[in-house]
Amino acid sequence: MVEFAGYDMPLQYQGIIAEHMACRTGAALFDVSHMGQAEIADVAGLARFVPGDVAGLKPGRQRYTLLLNEAGGILDDLMMANLGAHIQLVLNAGRKAADVAHLRGNGLDVHTRFDRALLALQGPKAKDVLPEAAGLKFMDVAALVVEGIDCIVTRSGYTGEDGFEIGCAGENGEALAEKLLARGAVLAGLGARDSLRLEAGLPLYGNDIDETTDPVSAGLGFALSKKRLEHADFLGAAALAAVQAKGPARRLVGIRLEGRAPARAGAEIRGKDGQSLGHVTSGVFSPTLNAPIALGYVRADAAETGTALDLIVRDKPLPGQVTDLPFVPHNYVR
Amino acid sequence: MSQIFYSKDHEWVAVGADGLATIGITDHAQAALGDIVFVELPEPGRSVGKGEACAVVESVKAASDVYAPLSGTVAEVNQSIVDEPAKVNSAAEGEGWFFKLRLQDPAALTELMDRAGYDEFLGTLS
């Protein structure tokens, strides 16, 4: 068990590599109830805080988006799903209290549902474990009954695999988890969740993105609506337009290392000329690739795929190169 | 094999007939680290002081130092765990040994714990 965002979380059950591979080849179950669920009825009001096309989010659909500050810095990254009567948000555990304070402080009504459970069922066999949700495509959302339990199910996740995130009343979480395990899912912890999301090239809030990073530099441009940037009708729009016009000074890139030694968050990134280019923000040994991989910010002129770099670990340079993300291809069912 | 000694940093030490002390990490340590994917060993000939970081083990998620439980000179290293780091998980207190030290002061072994002492120490953790 490890402490994470104020919660005691299981780092691993049978072992990170076994759980990681179970997710890549079968069906893994993660308890992510620490994440914050919230509901917002005022769609136009929500739009003021996020750079995505909220108005264009149809009922039954979900989208990845961001909460930004005035400087274009990322306050949180989150999922928003249109459930018809309201938009459901899924917020990072470590940010949920601050997010709600930010939204309420700026006049938006937020109905928090932090008491709800959230289970992530991920992997190519997730659809066999949860046939009730077979009708959903990637990023769909629906209210479904699973084993007599009322659930809100999205076909999405944080592993790069096909799969579902299943919300239910907190008191039903354990029973639902037991049912899904009985149907063949394997428990997986925070360790595998981190190695899976890193292989999938997905940023972790607090490591790869935070208030000092903007979505353009972080490679999250896909979450910015072009139309809304033009209209500059959300918090941080002006600052982001300026970054886009000028080009970011640094970029978040994937780095594949030679050898077997991983570089961890904080490791310095240097060019082959010895110049400091930035720092690693996440690093792990990839069980799928059997090689170390990392995410880090580098000076924009060193962000080109194939750029040779050194990562400084224990005072020694480990050679690597800038690699396209994701490291391991996504397997979404669109 | 002679008697095996243990350190509070979760290393084991066994002195062989050749007088060299074989050092590895305990089964408790490998279990706590999880899947080991990379090992870095000291250069043979390096002299290390008691408590000095002289090897590194990396699991999927984190790096950990391995400390010299006693002072001495590195006489030999186990290349097989560099080639196959998972061996540290499967045989921590055997084939997964790290390095051998020519001890500066063999009498210092008595500063370490015996098995019963180490088990008692493990009981005080968690």
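Residues numbered from 1 in each chain as written. Chains lettered and ligands numbered in written order. Predicted model: local features only at pLDDT ≥ 70, side-chain atom pairs only at ≥ 80, totals over all residues. Heavy atoms only, no water.

Draft legend 1. How the structure looks around the interface of chain A and chain B. Contacts between the two partners involve 17 residues from chain A, matched on the other side by 14 residues from chain B. A buried area of about 1,300 Å², summed over both sides, lies between chain A and chain B, and 54% of it is on carbon and sulfur atoms. Of all residues in chain A, Arg260, Arg264 and Arg314 of chain A give up the largest surface area on contact with chain B, accounting jointly for 42% of the area buried on that side. In this structure, the connection of chain A to chain B is made through five salt bridges. Between glutamate 40 of chain B and lysine 316 of chain A there is a salt bridge, and its shortest N-O distance comes to 3.3 Å. Counting the contacts that link chain A with chain B gives 12 residue pairs in polar contact (both at pLDDT 80 or more). (Contact = heavy atoms within 4.5 Å. Buried area = accessible area lost by both parts, 1.4 Å probe. Salt bridge = Lys/Arg side-chain N within 4 Å of Asp/Glu carboxyl O. Polar contact = N/O pair within 3.5 Å; in protein donor to acceptor, adjacent residues only side chain to side chain.)

Draft legend 2. Spotlight on helix 3 (residues 96–105) of chain A. Residue and element names in this part refer to chain A. Those residues of helix 3 lying buried are Lys96, Asp99, Val100, His102 and Leu103. When helix 3 is viewed along its axis, its buried side chains cluster within an angular range of 160° and face the same direction. For helix 3, exposure combined with an orientation more than 90 degrees from the buried face picks out Ala97, Ala101 and Gly105. Glycine 107 lies just past helix 3 and shows a positive phi near 90°. (Buried < 20%, exposed > 50% of the residue type's maximum accessible area, 1.4 Å probe, protein only. Helix = DSSP H or I, 4+ residues; strand = E, 2+ residues; numbered from the N terminus. Arc of directions from axis to C-beta.)

Draft legend 3. Up close: the nonpolar core. Residues and elements named next belong to chain A. If you look at the biggest cluster of nonpolar residues, it comprises 66 residues, and the most contacted ones within it are Phe30, Ile209, Ile269, Val298, Leu309 and Leu311. Looking at this core, the element that brings in the most residues is strand 17 (residues 291–299), giving five residues. Domain assignment of the residues forming this core places at least three in each of domain 1 (2–199) and domain 2 (249–334). In contact with leucine 309, other than residues within four places in its own chain, are Ile255, Ile269, Arg270, Lys272, Leu277, Val298, Leu318, Pro319, Gly320 and Val322. (Core = buried A, V, L, I, M, F, W, Y, C linked by side-chain atoms within 4.5 Å. Domains from an automatic or database assignment.)

Draft legend 4. Representation of the confidence of the model for chain B in the model. The predicted model of chain B has a mean per-residue pLDDT of 95, with 98% of residues at 70 or higher. Model confidence for chain B, summarised as mean pLDDT per element, is weakest for helix 1 (residues 27–33) of chain B at 94 and strongest for strand 8 (residues 72–77) of chain B at 98. (pLDDT = per-residue confidence, 0-100.)

Draft legend 5. Focus on the pattern of salt bridges. All names here are of chain A. One pass over the structure, following the stated rule, counts 25 salt bridges over all chains. The shortest N-O distance in the salt bridge between lysine 179 and glutamate 147 comes to 4.0 Å. In this pair, lysine 179 sits in helix 5 (residues 173–182) while glutamate 147 sits in the loop between strand 10 (141–146) and strand 11 (149–154), placing the two residues 32 residues apart along the sequence. With a relative accessible area of 36%, lysine 179 lands in the partly exposed category.

Draft legend 6. Structural view of the domain arrangement of chain A. Residues and elements named next belong to chain A. Taken domain by domain, chain A consists of domain 1 (2–199) and domain 2 (249–334). With 14 residues of domain 1 at the contact, the number on the domain 2 side is 18 residues. Between domain 1 and domain 2 the total buried area reaches about 1,500 Å² when both faces are included, carbon and sulfur atoms providing 63% of it. By the criterion of area lost to domain 2, the three top residues of domain 1 are Phe138, Leu198 and Glu199, representing 46% of everything that side buries. Taken together, the links from domain 1 to domain 2 amount to zero salt bridges. Taken together, domain 1 and domain 2 are joined by 11 residue pairs in polar contact (both at pLDDT 80 or more). Put simply, the parts of the chain that give the side of domain 1 that touches domain 2 at least two residues each are helix 1 (16–25) and helix 6 (190–199).

Draft legend 7. A look at the pairing of strand 3 (residues 28–31) of chain A. Where strand 3 of chain A meets strand 9 (residues 117–122) of chain A, four bridges bridge the pair, whose relative direction is antiparallel. For leucine 29 of chain A, the partnering residue across the bridge sits in strand 9 of chain A and is leucine 121 of chain A. (Pairing = 2+ DSSP bridges.)

Draft legend 8. Layout of the state of the cysteines. Residues and elements named next belong to chain A. All chains considered together, the criterion is met by zero disulfides over all chains. With no disulfide of its own, cysteine 151 lies closest to cysteine 168 among cysteine sulfurs, the gap being 5.2 Å. Residue cysteine 151 is classed as buried on the basis of its relative accessible area of 3%. (Disulfide = S-S within 2.5 Å.)

Draft legend 9. Representation of the environment of proline 124 of chain A within the structure. Residues and elements named next belong to chain A. Take proline 124: it is sitting in the loop between strand 9 and helix 4 (126–129). By relative accessible area, which is 27% here, proline 124 ends up partly exposed. Linking proline 124 and threonine 25, residues 99 residues apart in sequence, is a C-alpha distance of 6.1 Å. Filtering out sequence-adjacent residues up to four positions away, proline 124 remains in contact with Cys23, Arg24, Thr25, Gly26 and Glu161.

Draft legend 10. Just the sheet that holds strand 11 of chain A, in detail. Residues and elements named next belong to chain A. Within the open sheet, the six strands sit side by side as 10-11-12-9-3-13. Their pairing is mixed. Looking along the sheet, the strands with just one partner apiece sit at the ends: strand 10 and strand 13 (186–187). Sheet topology note: the strand 11/strand 12 (residues 163–168) ladder contains four bridges and is antiparallel. Residue valine 153 lies in a different strand from strand 12, and its bridge partner there is isoleucine 166.

Draft legend 11. Representation of the sheet that holds strand 14 (residues 250–257) of chain A in the model. Residues and elements named next belong to chain A. Read around the closed barrel, six strands run 14-17-16-15-18-19, paired in antiparallel fashion. Strand after strand, the sheet turns through a mean of 40° between neighbouring axes, direction not considered. The pairing of strand 18 (residues 308–313) with strand 19 (residues 316–323) spans six bridges and is classified as antiparallel. Note on strand 19: the bridge partner recorded for leucine 311 is leucine 318. Sitting on the sheet, helix 6 touches strand 16 (276–286) and strand 17, and the angle it makes with strand 16 is about 125°. (Axes fitted to C-alpha atoms, helices over the stretch in contact; angles between N-to-C directions.)

Draft legend 12. Spatial organisation of helix 1 of chain A. Residues of helix 1 of chain A that are buried: Ile16, Glu19, His20, Ala22, Cys23 and Arg24 of chain A. Next to the buried residues of helix 1 of chain A lie strand 3, strand 9, strand 13 and helix 6 of chain A.

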